[in-house]
Amino acid sequence: MNNVQRRSDLPTQALGLMATLILSVGIYMAFVYVPADRVQGDAQRIFYVHVPMAWLAYLAFAVIFVGSVGYLWKRSMRMDRLARASAELGFLFTTLVLVTGSIWGRPIWNAWWSWDARLTTTLILWFIYLGYFVLRSYAGDRERGARYAAVLGIVGAIDIPIIHLSVTWWRTLHPEPIVLNTSGPNLPNSMLATLLVCFAGFTLLYIYLLVQKYRVELVRDTLAEREMTMMLNSRPHAHGSTSQVPTSPSSRSRITTPGDTVGASED
Amino acid sequence: MALVWKDLVVELRGREFLGAMVAFALITIVTLNFAFDLSGSEREASGAGGLWIAFLFSGTLGLGRSIAVERDRGTLEGLSLCPVPAGAIFLGKFLSNLAFILIVQVVALPVFAALYNLPALRPLVLLIALVGAAGFAALGTLFSAVSASSRSREILMPVLLFPLSIPIVIGTVRVTTLVFQDRSGEAWPWFNLLAAFDVVFVSLAYVVFDLVLED
Amino acid sequence: MDDNLGYLFAAFGITWLAIAGYLLYLGQQVRALRDEVADQGQGMRDDGV
């Protein structure tokens, strides 16, 4: 139980601290260090949170893909947990990308939305995340939820590049103001530096949140497992022969020694 | 292989529902006339879009229905009990779902062509109708099986299917519009994209269907 | 371009608020789980596990 009682162990705390530090530097750079955009003025600074979070939105789905494949392949609860944890984060960041993109767009395009290719693909990504949650919550039992979510994770991840491609082609037919005027090597150094710092900070933040969320899910899973076993054991004669329900070795050790750290033995 | 055929035959017996699908598609196509301005300069694009909305929505009805019926009959569980490869089950369902969509298209396209004086019977339009339907049927079969065991299956399936089918929507409408505008030459990149989409997702769904049928 | 500062602050504000909110939410989950673990531990002791 120690793992739940401690806020987090030293490496994770260090990670959190690093993330906060780097993000603080990033914010300073975004507000003070970097000059305002010639064309867009100060509103352009939103770019320094919008873009890194877009990266996170897609990174999170890539992690879902890894977890889904891992679950399909090895039926490892660890992998499903990873996917689950990343899904919540991914949805959060995708939502923020859309919101910040919209806020940025308002003064620039005079409209709350533009069917810019990247923004549009992100909107579709948002719906895929939503579908992922609806699927999980309506799936019935956990194991089925994990399996079906893995299917969606894999199909979704493979589809996203295709969606992006088709949306980009489609957009060339309807040219509209784009979100970024500057991208890639044409960015002046100060902007590039600020962007990179923010990228680093946000990525560390994502990893930190992922670790924390993963742990929460781990405890949840363990609780649910014990709950099940307790319920089955409390019935007088379960299947005639044994009153102990056979469990996998790792979970048995967790049940018989409640004092052990929950996080220590991961299966 | 026999199972694929058997499933196909069983599904095709759901013919009474096919009638409803066709009727729905036709009604949608007629409604287009009131919803869009199909006399102006954008009529090719609006017409193509409306046509595909009719196909997608009636296709969605068909997909949802086929799984619901199967579930009620309890045959879905029965199928997974006998040692038949899940891939074969997928093929049976996929082909029957595809057949239903194609039948709707076969009826709807001439009607559309007549009502709106748009060349909906040109080979490329028919071809892309097939290719689009195949991709949609593949993903649709997969996700209707996934939604079948959930409480809100009718709503869950489209929620999952539509975002993932966006390339199909964009591609088919684009090709159809280009053909209507006599610009068929420009349509090939889109066609290739959709063909690739089909290859990828029919095979993926085939492989992954195993996971869905496990219980 | 100063009138655009409002949008800038709105965007940054929402972002950090959302992230902070999520951290709080995680913290809440941890606390709730801690209680549940304790309850379950008690339940197990009661059952003589």
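Residues numbered from 1 in each chain as written. Chains lettered and ligands numbered in written order. Predicted model: local features only at pLDDT ≥ 70, side-chain atom pairs only at ≥ 80, totals over all residues.

Asks: Please set out the overall build of chain A residue by residue, giving values where relevant.
Replies: Scanning chain A from N- to C-terminus turns up 8 helices and 0 strands. Along the chain direction, N to C, the helices and strands of chain A fall in the order α-α-α-α-α-α-α-α. Excluding contacts between residues fewer than 6 apart, the proportion of contacts in chain A whose partners are at least 24 apart in sequence is 76%. (Helix = DSSP H or I, 4+ residues; strand = E, 2+ residues; numbered from the N terminus. Contact = placed C-beta atoms within 7 Å.)

Asks: How would you sum up the confidence of the model for chain C? Please name residues and give values.
Replies: For chain C, per-residue confidence averages 84 on the pLDDT scale, and 88% of positions sit at 70 or higher. Scored as a complex, the prediction yields pTM 0.86 and ipTM 0.90. (pLDDT = per-residue confidence, 0-100.)

Asks: So what about the interface of chain B and chain A? Which residues, and what values?
Replies: Across the boundary between the two partners, chain B contributes 23 residues, which contact 27 residues of chain A. Mapped onto the side of chain B that touches chain A, the elements with two or more residues apiece are helix H7 (153-164), helix H8 (166-180) and helix H9 (188-212) of chain B. When residues in the side of chain B that touches chain A are grouped by element, the largest group, 7 residues, is from H9(B). Taken together, the residues of the side of chain B that touches chain A sort by class into 16 nonpolar, 4 polar and 3 charged. (Nonpolar A, V, L, I, M, F, W, Y, C, P; charged D, E, K, R; others polar.)

Asks: Provide a residue-level description of the interface of chain C and chain A, including the pertinent values.
Replies: With 24 residues of chain C in contact, the opposing surface of chain A contributes 28 residues. A class-by-class count of the residues in the side of chain C that touches chain A yields 15 nonpolar, 6 polar and 3 charged.

Asks: So what's going on with the packing of helix H5 (residues 117-137) of chain A against H7(B)? Which residues, and what values?
Replies: It is the contact of H5(A) with H7(B), at a shortest axis distance of 9 Å, that shows an interaxial angle of 150 degrees. Put simply, H5(A) runs roughly antiparallel to H7(B). The two elements H5(A) and H7(B) cross, and the hand of that crossing is left-handed. Here A:Ile124, A:Phe127, A:Ile128, A:Gly131, A:Val134 and A:Leu135 of H5(A) come into contact with H7(B), specifically with B:Leu156, B:Val159, B:Leu160, B:Pro163 and B:Leu164. (Axes fitted to C-alpha atoms, helices over the stretch in contact; angles between N-to-C directions. Parallel < 35°, antiparallel > 145°, perpendicular 65-115°, else oblique. Left-handed = near helix turned anticlockwise from the far one by under 90°.)

Asks: Can you break down the environment of A:Trp126 residue by residue, with the values?
Replies: All names here are of chain A. You can see Trp 126 is positioned in helix H5. Considered as a pair, Trp 126 and Cys 198 are 72 residues apart in the sequence and their alpha carbons are 22 Å apart. With sequence-adjacent residues up to four places away left out, Trp 126 is seen in contact with Thr 94, Thr 95 and Leu 98.

Asks: Would you mind going over the environment of A:Leu89 in detail, with residue names and values included?
Replies: All names here are of chain A. In this fold, Leu 89 is placed in helix H4 (residues 77-109). Considered as a pair, Leu 89 and Ala 57 are 32 residues apart in the sequence and their alpha carbons are 8.0 Å apart. Apart from the residues within four sequence positions on either side, Leu 89 is in contact with Ala 60, Tyr 206, Leu 209, Leu 210 and Lys 213.

Asks: Lay out the nonpolar core with the relevant residues and their values.
Replies: Judged by nonpolar contacts, the single largest core of 138 residues is most densely connected at A:Val151 and B:Leu142. When residues of this core are assigned to their parent elements, the largest contribution, 17 residues, is made by helix H3 (residues 47-74) of chain A. (Core = buried A, V, L, I, M, F, W, Y, C linked by C-beta atoms within 7 Å. Buried ≥ 20, exposed ≤ 12 C-beta atoms within 10 Å, placed from the backbone.)

Asks: Can you lay out the packing of H4(A) against helix H1 (residues 5-46) of chain C for me, pointing to particular residues and giving the numbers?
Replies: As a packed pair, H4(A) and H1(C) sit with axes 9 Å apart at the nearest point and diverge in direction by 170 degrees. In this view, H4(A) runs roughly antiparallel relative to H1(C), as classed from their interaxial angle. Touching A:Leu92, A:Leu96, A:Val99, A:Thr100, A:Ile103, A:Trp104, A:Arg106 and A:Pro107 of H4(A) are C:Tyr7, C:Ala10, C:Ala11, C:Ile14, C:Thr15, C:Ala18 and C:Tyr22, all from H1(C). Within the contact of H4(A) with H1(C), the residues separate by chemical class into 12 nonpolar, 2 polar and 1 charged.

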